[in-house]
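Geometric and topological summary
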Amino acid sequence: MEFIKTNSLKKFAKSSESIIVFVILELLGLMCFGLGGLNNIYFVVGIIINIFSIPFLLINSTKEELKQFCLFLIPFILMSLLICFGSMYKGIGLGFNNLLSFLALISFVMIGYSARRIKSFKIETALYIIGGGLMLVTLISMLVTWFNYGLFHAIKYADTPIYYYNGSLFDVTKESSWLLGFSILEVSLQYSGLFGFLCSLYLIGLLFINPKKDIKKFLIFLIIGLVGLISLITVVNKMALLLLIPSYIIALLYRFVPSGKANQKRADIAFIIVMIMVFAGLFVAILNNYVPSVSKIIASNRILNKFFNATYMDEVNVVLSKVFTNGYFFGVPPTLLNGEIITTNTRMFEAELLKEGGFFALFFFIIFIVFVYLSLRKYNQRTTDSKLSKIMVISIIFGLFIYSSLNFDGFYVVHNSGEYHPFFRSLTTLMMLFLVGYSFNPIFKKDVELYIDTDEFKRGIIVEDNSEKQIKKDKDYQFDEDDLNE
């Protein structure tokens, strides 16, 4: 194997390891809590941490593995370029902010990749910090919501939901109080529900913790999960609660259905089916807004019309018609920033991606999602992290994607509905990208080691040569025979 290492890099890594780990964990916790509400500050700090984390990346990776990582990042970098420098933001004085956003997006993936190669970094500690930050802001906001609105206010005010604020109409059943930075503001249930949803995912971890052996860990996951679940129930966030059901079902299958090649093939088939349905649905939706004859066919069919022309698709259809009819393949031009398309709340971050970066941004994003799935597949099969860590990393990544695909709100500040908050500039998204980088495994070549076992860096590795002697098992993880023989 060929290593990239110098004595100076090794000395720097050895002397700064504990500081880098502390700063990474601190940044994750503050981001999840949203302290200060100043995203650009977190962007800058993330970029700086990434620079100082690079030595760990270089020391504990082979050139081949770094090559694989770069290939993995290509579609994400192209997508990031389009959403940060596309037509939507061109010429409106946000050049420096766009540059920060672009560098931050790449940096957080790289920080995650580097963190996994730091000996003293523990993913379970990071999960505690992430869950703690999410739980704290959710708990504070939930208590303030109870004080301002009362329990179950969506049901309580269902008959008289409308109120006036500065001469405008608002629906009290669709909002809650939230701690944003150092202020309490009214936000949409879609936004507040994301934090409750992510916290509720921690209840999944209880399936993989034996309370008799580790009651402390069990209680931590239980408290984080219960705070999230109670917050969703008491504000009656139906969509978030509904999205938890498939998440819990998948976790139960992961816990109790034996792993192996057969079940992995079923998971692959399910993923392929979902992607085909997504592509087919997107293609038909585009034709519905671009080809009049197809629009007539869909309108005349009761089932198709109910799906593609339903009320919840109205805003999406506005975006699709503008983007494809006018040829905005690199994002919506700034001349439409004050028009209906920018203030349209599609509830799907993919449609928002079309606004910001156009068709090609969405195209590169879909490729990246496929790469992430393949990487997580290998992360689950061939790394020595505990099953608890694996299921939580996978749940948070795909949970955030799925929630934002069906319940995203870029205009979540209720009394300032013209303020747009992009998905890929949110702190929760950056946290998710950190986990994507952490869980990276080479996907383009089979004979690539996932971890490098050097004198300075001892951690379990799995290489695909069917040699059981080259596997250093983690005490909490049991390998299946199929995994060893694959």
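Residues numbered from 1 in each chain as written. Predicted model: local features only at pLDDT ≥ 70, side-chain atom pairs only at ≥ 80, totals over all residues. Heavy atoms only, no water.

1. Here's the deal with the overall build of the protein
Scanning the protein from terminus to terminus reveals 17 helices and four strands. Split into buried and exposed, the 486 residues of the protein put 52% on the buried side. Counting contacts in the protein only where the partners sit at least 6 residues apart, residues at least 24 apart contribute 75% of the total. Accessible surface, the protein: about 22400 Å² in total, of which carbon and sulfur atoms supply 66%. (Helix = DSSP H or I, 4+ residues; strand = E, 2+ residues; numbered from the N terminus. Buried < 20%, exposed > 50% of the residue type's maximum accessible area, 1.4 Å probe, protein only. Contact = heavy atoms within 4.5 Å. Areas by Shrake-Rupley, 256 points an atom, 1.4 Å probe, with all protein chains shown as cover.)

2. Describing the state of the cysteines
Inspection of the entire model under this criterion finds zero disulfides. Of all cysteine sulfurs, the one in cysteine 32 lies closest to cysteine 199, which takes part in no disulfide; the gap is 9.0 Å. (Disulfide = S-S within 2.5 Å.)

3. Things to note about helix α5 (residues 123-149)
For α5, with 27 residues, the first-to-last C-alpha span of 38 Å sits near the 39 Å given by 1.5 Å per residue. Just past α5, the residue glycine 150 takes up positive phi, approximately 90 degrees. (Expected span 1.5 Å × (residues − 1).)

4. Details of the packing of helix α7 (residues 189-200) against helix α8 (residues 215-234)
Axis separation between α7 and α8 bottoms out at 7 Å; the angle between their running directions is 140 degrees. With respect to their mutual orientation, α7 and α8 come out oblique. Helix-helix and strand crossings are classified by hand; for α7 and α8 the assignment is left-handed. Each of Gly193, Gly196, Phe197, Cys199 and Ser200 in α7 lies in contact with α8, whose residues at this interface are Ile224, Gly225, Gly228, Leu229, Ser231 and Leu232. Classifying every residue of the contact of α7 with α8 gives five nonpolar, six polar and no charged. (Axes fitted to C-alpha atoms, helices over the stretch in contact; angles between N-to-C directions. Parallel < 35°, antiparallel > 145°, perpendicular 65-115°, else oblique. Left-handed = near helix turned anticlockwise from the far one by under 90°. Nonpolar A, V, L, I, M, F, W, Y, C, P; charged D, E, K, R; others polar.)

5. With respect to the confidence of the model for the protein
Should pLDDT be low for a region, the predicted coordinates there are not to be read in detail. When pLDDT is averaged along the protein, the result is 81; 83% of the residues meet or exceed 70. Element-level mean pLDDT values for the protein span from 37 in helix α17 (residues 481-485) up to 95 in α8. This model gives residues 449-486 a pLDDT under 50, and the stretch forms 94 contacts once residues within four places in sequence are excluded. (pLDDT = per-residue confidence, 0-100.)

6. Focus: the pattern of salt bridges
Inspection of the entire model under this criterion finds four salt bridges. Residue glutamate 124 is joined to lysine 217 by a salt bridge in which the shortest nitrogen-to-oxygen separation is 2.9 Å. In this pair, glutamate 124 sits in helix α5 while lysine 217 sits in helix α8, placing the two residues 93 residues apart along the sequence. Just as glutamate 124 is buried, lysine 217 falls in that class too. Two residues, aspartate 214 and lysine 217, come together in a salt bridge whose shortest N-O distance is 3.7 Å. On the basis of relative accessibility, which here comes to 28%, the residue aspartate 214 falls in the partly exposed class. Taking the relative accessible area as the measure of exposure, lysine 217 reaches 12% and is therefore buried. Beyond isolated ion pairs, a larger network of salt bridges with shared partners links Glu124, Asp214 and Lys217. (Salt bridge = Lys/Arg side-chain N within 4 Å of Asp/Glu carboxyl O.)

7. Focus on the environment of serine 120
Relative to the helices and strands, serine 120 is located in the loop between α4 (95-115) and α5. Take serine 120: its relative accessible area is 34%, and that puts it in the partly exposed class. Residues serine 120 and phenylalanine 22 lie 98 residues apart in sequence; the distance between their C-alpha atoms is 10.0 Å. Non-local contacts of serine 120, meaning those with residues more than four positions away in its chain, are made with Glu17 and Val21.

8. Side note on the environment of glycine 46
Relative to the elements of secondary structure, glycine 46 occurs in helix α2 (residues 39-59). Exposure remark for glycine 46: the relative accessible area of 0% places this residue in the buried category. Residues glycine 46 and phenylalanine 108 lie 62 residues apart in sequence; the distance between their C-alpha atoms is 6.5 Å. Excluding residues that lie within four positions of it along the chain, glycine 46 makes contacts with Leu27, Ser107, Phe108 and Ile111.

9. Structural notes on a nonpolar patch on the surface
On the surface, a cluster of nonpolar side chains totalling about 620 Å² of accessible area is made up of Leu71, Ile74, Leu78, Leu81, Phe85, Leu99, Leu103 and Phe444. Elements that contribute at least two residues to the nonpolar patch include exactly α3 (63-85) and α4. With five residues, α3 is the largest single contributor of residues to the nonpolar patch. Relative to the assigned elements, phenylalanine 444 resides in the loop between α16 (427-438) and α17. The exposure class assigned to phenylalanine 444 is partly exposed, which follows from its relative accessible area of 39%. (Patch = residues over 30% accessible without salt bridge, like charges linked within 9 Å, V, L, I, M, F, W, Y side chains within 5 Å.)

10. Details of unusual backbone geometry
Phi angles above zero are rare outside glycine, and phenylalanine 152 is one such case at about 55 degrees. With respect to the secondary-structure elements, phenylalanine 152 resides in the loop between α5 and α6 (153-156). For phenylalanine 152, a relative accessible area of 36% gives the class partly exposed. At valine 236, a position not held by glycine, the phi torsion is positive, near 55 degrees. With respect to the element layout, valine 236 can be found in the loop between α8 and α9 (238-256). Assessed through its relative accessible area of 15%, valine 236 is described here as buried.

11. Structural notes on the pairing of strand β4 (residues 183-188)
Pairing geometry for strand β3 (residues 175-180) and β4, over six bridges, is antiparallel. Looking at β4, one finds that serine 177 is bridged to glutamate 186. (Pairing = 2+ DSSP bridges.)

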